[in-house]
Amino acid sequence: MPAACSRPVRSLRLPVCCLIALCALVSNSPAIAQDKNLLDLEKFELKFGFIKLTDCAPIVIAKEKGFFEEEGLQVEVIAQPNWKTLLDNVISGELDGAHMLSGQPIAATIGFGTKAHVITAYTMDLNGNGITVSNTIWERMQENDPDLLASQPQHPISADSLKPVVEELLDEGEKLQMGMVFPVSTHNYELRYWLAASGIHPGMYTKSDIGGRTDADVELSVTPPPMMPATLEAGNIQGYCVGEPWNQQAVAKGIGVPVTTNYDVWKNNPEKVFGVTKQWADENPQTHLAVIKALIMAGQWLDETDDNGKLVNREEAARILSRSDYVGADFDVIRNSMTGFFYFQQTDKREMPDFNVFFKHDCTYPWYSDGVWFLTQMRRWGQITEPKPDAWYHETAKKVYQPEIYLEAARMLVDEGLLDEDKVPWDTDGYKQPTDEFIDGITYDGKKPLEYLKAHQIGNKD
Amino acid sequence: MAYLELDNVDFGFGPVSHRYEVFERASLAVEQNEFVAVIGFSGSGKSTLVSLLAGLLKPDRGQVHINGKVVAAPGPDKGVVFQNYSLLPWLSVYGNIELAVKQVFPSMKRGERRDYIQHYIDMVSLRGSEWKLPGELSGGMRQRLSLARTLSMKPEVLLLDEPLSALDALTRSQLQDEIIRIWEEDRRTVLMITNDVDEAVIMADRIVPLTMGPAAHLGREFPVTLPRPRDRATLNFNPEFKELRNEVTRYMMNLNEEAKSLTRSVTLPLPDLQPVLPGPRVRVG
Amino acid sequence: MLGLWIILILACLVGAAAWAGKHRTVKAIDVAGLNFLTPIVRLCYGEEPEKQLKDIGRFIVVPVIAILLFLGAWHVVSEKIQTKSGKLPNPRDTLHAAKAINDFHYRENDKQAAFNLNGEERAQELERVEQRLEELKPLEAEVNKNVAAAKEAAKERLATKVAPLQEELDTLTAKFKDAKKQRDDELASLASQAAVGDEDAKNAFVGKVRAYRQLASDERDRLRDLRTEINDMRAEKDPEEQRALAEQTAIAEERQYLGKMQDQLTDSNRYEKVDEENAKLQEARETLYAADSATILKAATKVAQTEDRIDRIEESGYAKPATLPYQVKRSVLCVFVGFLIGSAIAIPLGVLCGLSKTFMAAMTPFIAIFKPVSPIVWLPIALIVASAFIPDPDKHWFTQWLWELPLLGEYKINPAFIASAVTVALCSLWATMVNTAFGVAAVDKDHINVARVLRLGFWSRLFKIVLPSALPLAFAGLRISLGVGWMVLIAAELLSSSEGIGKYIWDQFNNGASDSFANMVFVVFVVGIIGLVLDRMMIVFQRLVSFDGAPTAI
Ligand SMILES: Nc1ncnc2c1ncn2[C@@H]1O[C@H](COP(=O)(O)OP(=O)(O)OP(=O)(O)O)[C@@H](O)[C@H]1O
Ligand SMILES: [Mg+2]
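Thresholds, definitions, all that
- Numbering of residues starts from 1 in every chain and runs along the sequence as written.
- Chain letters start at A and ligand numbers start at 1, both assigned in the order the entries are written.
- With pLDDT at 70 or above as the cut-off, local features in this predicted model cover only qualifying residues; side-chain atom pairs require 80 or more to be listed or tallied, and sums for whole chains, interfaces and linings still use all residues.
- Only hydrogens and water are removed before side-chain values are computed, so all heavy atoms of the structure are retained for them.
- Here, residues are in contact when the closest pair of their heavy atoms is within 4.5 Å.
- Accessible area that two parts lose when put together, with a 1.4 Å probe and added across both, is what the buried area reports.
- For salt bridges, the criterion is a side-chain nitrogen of Lys or Arg within 4 Å of an Asp or Glu carboxyl oxygen.
- Runs of E in the DSSP output that reach at least two residues are strands. Runs of H or I that reach at least four are helices, and both are numbered from the N terminus.
- Under the scheme applied here, ten amino acids are nonpolar (Ala, Val, Leu, Ile, Met, Phe, Trp, Tyr, Cys and Pro), four are charged (Asp, Glu, Lys and Arg), and all others, including Gly, are polar.
- UniProt positions are given in the numbering used here, feature names are shortened, and annotations may be inferred rather than shown by experiment.
- Buried residues of nine kinds, namely Ala, Val, Leu, Ile, Met, Phe, Trp, Tyr and Cys, make up a nonpolar core once their side-chain atoms join them within 4.5 Å.
- The classification of residues rests on relative accessible area computed with a 1.4 Å probe and restricted to protein chains. Under 20% of the type maximum is buried, over 50% is exposed, and intermediate values are partly exposed.
- Domain ranges listed in this record stem from an automatic or a database domain assignment.
- If DSSP finds at least two bridges between two strands, the strands pair.
- Axes here refer to lines fitted to C-alpha atoms; in helices the fit is confined to the stretch in contact. Angles between the N-to-C directions go from 0 to 180 degrees.
- In this analysis, rings of Phe, Tyr and Trp, with Trp reduced to its six-membered ring, are considered paired at centre separations within 6.5 Å, and the interplanar angle assigns stacked below 30 degrees, edge-to-face beyond 60, and tilted for intermediate values.
- Both a distance and an angle decide whether a charge sits over a ring: NZ of Lys or CZ of Arg must be within 6 Å of the ring centre and within 35 degrees of the ring normal.
- A molecule or strand has a residue near it when one of that residue's heavy atoms lies within 4 Å.
- Any pair of nitrogen or oxygen atoms within 3.5 Å is treated as a polar contact; in protein, a donor-acceptor pairing is required on top of that, and neighbouring residues in sequence qualify only through side-chain atoms on both sides.
- Accessibility throughout is a Shrake-Rupley quantity obtained with a 1.4 Å probe, and a residue counts as covered only by protein chains that appear here.
- Surface patches are defined over residues having more than 30% relative accessible area and no salt bridge, joining like charges when they lie within 9 Å and nonpolar side chains (Val, Leu, Ile, Met, Phe, Trp, Tyr) when within 5 Å.
- The sign given to each residue is positive for Lys and Arg and negative for Asp and Glu; His and the chain ends receive no count.
- A single reference atom marks each charge: NZ on Lys, CZ on Arg, CG on Asp, CD on Glu.

Draft legend 1. Structural detail: the interface of chain B and chain C. Facing 21 residues of chain B, the contacting portion of chain C comprises 14 residues. Together chain B and chain C conceal approximately 1,800 Å² of surface at their shared face, both sides included; 67% is due to carbon and sulfur atoms. Considering only the surface of chain B that becomes buried against chain C, Trp90, Leu99 and Gln103 of chain B emerge as the three largest contributors, covering 34% of it. If you look at where chain B meets chain C, you find zero salt bridges. At the level of elements, strand S6 (78-81) and helix H2 (93-104) of chain B are the ones that each hand at least two residues to the side of chain B that touches chain C. Broken down by element, the residue count for the side of chain B that touches chain C peaks at four residues, all from H2 of chain B. Here the residues of the side of chain B that touches chain C are counted per class, giving 14 nonpolar, five polar and two charged.

Draft legend 2. The UniProt feature "transmembrane region" (unreviewed entry) in chain C, seen in detail. Those residues carrying the UniProt feature "transmembrane region" (unreviewed entry) are residues 57-77, 335-355, 367-390, 416-441, 462-489 and 516-534 of chain C in this numbering. Within the segment residues 367-390 of chain C, helix and strand shares are 79% and 0% respectively, and the terminal C-alpha atoms sit 28 Å apart.

Draft legend 3. Representation of the nonpolar core within the structure. All names here are of chain A. With 80 residues, the main nonpolar core has Met141, Leu162, Met178, Leu191, Trp194, Leu195 and Trp373 as its most contacted residues. Lining this core are residues from two domains, each supplying at least three of them: domain 1 (2-127 + 270-320 + 359-423) and domain 2 (129-267 + 436-454). Sequence-distant contacts of Leu162, that is, excluding residues within four places in its chain, are made with Ile137, Met141, Leu176, Trp194, Leu195 and Ile200. In terms of nonpolar packing, the next biggest core, distinct from the first, is built from 61 residues, Phe68, Met124, Ala294 and Tyr365 among them.

Draft legend 4. Just the arrangement of the chains, in detail. By contact count, the leading pair among the two pairs of chains in contact is chains A and C. Chain A shows no contact with chain B. Their nearest C-alpha atoms sit 49 Å apart.

Draft legend 5. Expanded view of the sheet that holds strand S3 (residues 35-39) of chain B. All names here are of chain B. Here we have six strands laid out as an open sheet, ordered S6-S7-S8-S3-S9-S10, and mixed in their pairing. Of all strands in the sheet, those with a lone pairing partner are S6 and strand S10 (222-223), marking the two edges. Pairing of S3 with strand S8 (residues 189-194) involves five bridges; the strand directions are parallel. By the bridge assignment for S8, Val36 is matched with Leu191.

Draft legend 6. Up close: the sheet that holds strand S6 (residues 129-134) of chain A. Residues and elements named next belong to chain A. The mixed open sheet is built from five strands, whose spatial order is S8-S7-S9-S6-S10. Across the chains shown, the open sheet's two edge strands, defined by having one partner strand only, are strand S8 (218-222) and strand S10 (256-261). For this sheet, the mean angle separating the axes of adjacent strands, direction not counted, is 25°. The sheet contact formed by S6 and strand S9 (residues 239-243) spans five bridges and is antiparallel.

Draft legend 7. Up close: the packing of aromatic side chains. Following the criterion strictly, the structure yields 38 aromatic pairs over all chains and no others. Summarising the aromatic geometry, the rings of Tyr444 of chain A and Tyr452 of chain A are spaced 4.8 Å apart at their centres and angled 65° between planes, so their arrangement reads as edge-to-face. Each residue in the set Tyr189, Tyr193, Trp266, Trp373, Phe374, Phe438, Tyr444 and Tyr452 of chain A is aromatic and connected to the rest through ring pairs, giving one cluster. Across from the ring centre of Trp426 of chain A, 4.1 Å away, lies the NZ or CZ of Arg411 of chain A, which sits over that ring. It is Arg183 of chain C that lies over the ring of Tyr212 of chain C; its NZ or CZ is 5.9 Å from the centre.

Draft legend 8. Fine view of the site of ligand 1. All names here are of chain B. As a structural note, the neighbourhood of ligand 1 is formed by 13 residues, with Ser42, Gly43, Lys46, Ser47 and Thr48 the closest of them. Within the side chain of Ser47, an N or O atom sits 2.7 Å from an oxygen atom of ligand 1. Thr48 places a polar side-chain atom, nitrogen or oxygen, 2.5 Å from an oxygen atom of ligand 1. Contact with the protein chains covers 61% of the free accessible surface of ligand 1, which is 630 Å². For the shell around ligand 1, the secondary structure elements donating two or more residues are strand S2 (20-30) and helix H1 (46-54). Here the shell around ligand 1 gets three residues from one element, more than from any other, and that element is H1.

Draft legend 9. Broad picture of a positive patch on the surface. Taken together, the side chains of Lys102, Arg110 and Arg114 of chain B together with Lys464 of chain C define a basic patch exposed on the protein surface. With respect to the secondary-structure elements, Arg110 of chain B resides in helix H3 (residues 110-123). According to the relative accessible area criterion, Arg110 of chain B is exposed, its value standing at 66%.

Draft legend 10. How the structure looks around the interface of chain C and chain A. Opposite the 62 residues of chain C that make contact, chain A presents 68 residues. In total, chain C and chain A occlude about 5,900 Å² of area from one another, counting both sides; carbon and sulfur atoms represent 44% of this. Notably, a salt bridge pairs Asp332 of chain A with Lys151 of chain C, separated by 3.4 Å at the nearest N-O pair. Seen at the junction of chain C and chain A, the total is 11 residue pairs in polar contact (both at pLDDT 80 or more). Residue assignment for the side of chain C that touches chain A shows that the elements contributing at least two residues are helix H5 (91-115), helix H7 (199-235), helix H8 (239-265), helix H9 (270-290), helix H10 (296-315) and helix H18 (501-511) of chain C. Here the side of chain C that touches chain A gets nine residues from one element, more than from any other, and that element is H9 of chain C. Here the residues of the side of chain C that touches chain A are counted per class, giving 16 nonpolar, 18 polar and 28 charged.

Draft legend 11. Structural view of a negative patch on the surface. A contiguous patch of negative charge on the surface is contributed by Asp40, Glu42 and Glu45 of chain A together with Asp308, Asp311, Glu314 and Glu315 of chain C. The element that contributes the greatest number of residues to the negative patch is H10 of chain C, accounting for four residues. Here Glu315 of chain C lies in helix H10. Given the relative accessible area of 62%, Glu315 of chain C is considered exposed.

As structure tokens, then:
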């Protein structure tokens, strides 16, 4: 019976519900089905913030496809000007929750930047970022590595061919300038990872250098995502790491070349999370559950495939996201990456089915090991100024990542028949299997953060 | 002792470095209920005299007395009709008078006040223009309003600074009669500044010319002994009237000549340059 | 609809003018600062037709021609100004953008209305929506086909355009590669000779190397230029394709809207939901009545819960996104709040400054230091202060109270709004303050003399003489302040992300879509026109308080 309430047959839902009610009246028997909406919401009119990036999709879809409403929530989804304002608005209570960079709840909780206890019970997506360099830099990389001249060069492209460019610039007394979106963003860590993997020092954060430029071969600076293409074209930066649609935008406008995606830097890396303050979660536990339920449904909808494994809902999602109050970029540009394609150059279109993952690979589960990885990166680049013991990493990750809430929400969905039992990692301890699918092949085991730190050449090792 | 008295007053404007002495040892005495006209050339200090008498300016030396008391501050008992009317441009005709009446007779009832104000408006023939703003009035109408406002305060002493200068001859004579009537009715002490010898002769008990500035003082006095009421039509043929008028005019012309010769003597030593001269511009006021 | 309103308003105005007579109408026009209408009125009364026609020519026809010329120049220039980041939208694009913005607004209104529809109305609306959806299906298919065709055509066109260049590039690449190889060989052979030669020979060899390096670099540049040319060609948008895409977008958006409407009229509809919950409540009641001591608590809880939920659904509303008209209204509200705050501070301080030279001396340093501070600097400070006073806007008594207010409640005044308003106040109060101070200090000496003769007390003197005579200057200051405030507000909203025009512009800028620039240009006009209306309003006030018929600037 509950299956009747799932989306594809929802036109049936109304009559069926009436029927149930009728049956109940006539037969005078107790209810049979588990009610969907029986959460005792503390608050049902919510405001969520997002940044204009395609990976805000779960929130937008949950609203537009009615998943929030099914949970009895009326949600306003409001674009935020930048990550800092977004976080501030969540902390001040102006927003109930938001689409956040994975590093943001962690950094806020440990007090790097604004201090506040922010938690997450839902990872919004995997992958989805790219590193784009300007046409000039791309040409110089091609000179250094003629293989890149091919119309579809071999992937992954490491920063090896960039290194001579950086060195030449250093000789001239200049530093290559690259943009990333926020000091604790995935983009910052990915860009650093990619550069460091080829021996280019991206600079350290220290107590006095909060710009992270100490010892840098390449200077990284914060630029809001939507400004990236314009800043690149203006020549203030020569490359950037950012989410979609801003890499595809560079290709569409012919101002830069995405050399690699974070899928190549770290296969299936966690990207954005849905963050709320601890205080909010404590005050509104049922509402939080309802939100997570809706988001899981949205993630599932986004990753729904047909029998051939083709993503069936992405076209519609791209259409919704291109609305000007959401991401607002041209439909064509959003569609590229959302439907599993990625243009590396005008002539280099590749299939990348996992460029944006919203549900597969247990993506939405809030893994402790993800939290630990971000913590190791914060330590590696000196944002965490003191060495910490292993236990601290685990404790901190557990403060921020709240799989219990996720599992509770998932359990309800399973009971309601909206989610398959086997799509949820019920028995995990919260740590993903160790993986070496990084661009430099170093193995990451979430349980051993210090060991992982030691394995790298550049950056803090303890 | 006279009712209104200017006692050996010195007065000057400006700081020591470039001081302009308006009066030196100026004295004037006006008896109670007397009507005195002061005539003088432009810039000789007529308005300054009014201000001194009203208490708006303080003499540098000497004193101003009214009724034996030193004048320390202005007040409604010394009603002034300012030369440039000093109407409040954001208030209507009615409002301007009302402001004064309310302030001077705070206990007056509302209805009574309305009639009182209307009476003064009628007196200066401004009926129908009650709600016009000063900006919408002609120069003469403004002058009449200013007069009405001052009269409405029922002052002991009326100081009129060229109150009729902007009026046409007809209205002018009408108002002259009106002022005389009021004066005769209430028997107030009036000091009127004027630039018109005829007017002075027709209205005043006494005419006091002001000598040319700087350092002016009040000159020879001309008592007017013509009987009242003075009828304009017959006065023109009155020899006493003609005589007095000619005498005053001559006196004034002499003052002017003196002043001119004074200034000329300054210009003489200068070669054929045409200097820009300091001192008052000479014009028959 | 709009046209009808305009005609109605115009008719009312003409009626009023006819009733009021020529002089009053002309005066009203003058007070309203709409002097360009005067010749028309006079002409209607047949007054000096020749002169009036001349005036009409000068004050109406000339501006209209100027506007047309501007539109023409804009159209021409916009075709030329094109960077990779975008193209300057032309008037037509801007008009389209305006239409799209309007559509979005009405569609959201529809959704909101649909959420609250019940009974017969709902059925009708649902029928309309479904019918339109049916109509749309073939259209959509056709448009999709068109897009595919257009894309194919564009690709072909591009290919034929690029082909010769690509060929040239390929041949040149090969040729240069050969040439380089040849030169390398030559250098290698020369090297052995130079190695044994004297210094001159070696120096000559350096010359050769340098020459060849130069050659290589030239060749590289040539190739790069070619490649850039090809890339630029590829990046160029095909107009046919763009047109097809725009059509597709229009249809897809409508479909999206209809889909959501359908949902709002069925599953998500408030009454539907209430009905559903009522059924559940009935059910829960049945359970309750049949319950025994073991299950009664659970059953009772459920009844209570369901009842609560029904209450909430009944008072819930559709979470409507902010549309431009709403944002405009909120911005105007914000500028007035800021303006009022600013004036409330500026006028008393200005009066004090004007009255007392000592106070003025005390204030001068502050005025001098704070006046030039940019809104960008005030805003973060204002934000911190506002947030500190209202830590949790959802629960704070002040915001709660504001949100309950009948008319203002709709605008959800929050700390960001307050911070923007305060920024407006801080930037705009100076003009008012300085002007008021000046006006008070410059009260006509004669008026003061009148006050002295009347022996007015301090307060009467202030309120009856000083303030009225300072009013025109103070209002001139207020007018400047409002203008400054309006300019500042856009920047403040942009930074504070307070829902309003500033945020709209920032969002559009962030969108970076092909129509974003057109939306922004449209907003430029909206901002300008509102600024104009605000200014006109202040002119009217200024004229009303100016007793001396003081001239006011255009
Ligand atoms: N506030 C002032 N500061 C400096 N000098 C002044 C001031 N007011 C008047 N004076 C000077 O004092 C002299 C007398 O001025 P006053 O206004 O009394 O002239 P007046 O006789 O009333 O002239 P008029 O017939 O033109 O009104 C003039 O020479 C004038 O320059
Ligand atoms: Mg004078």
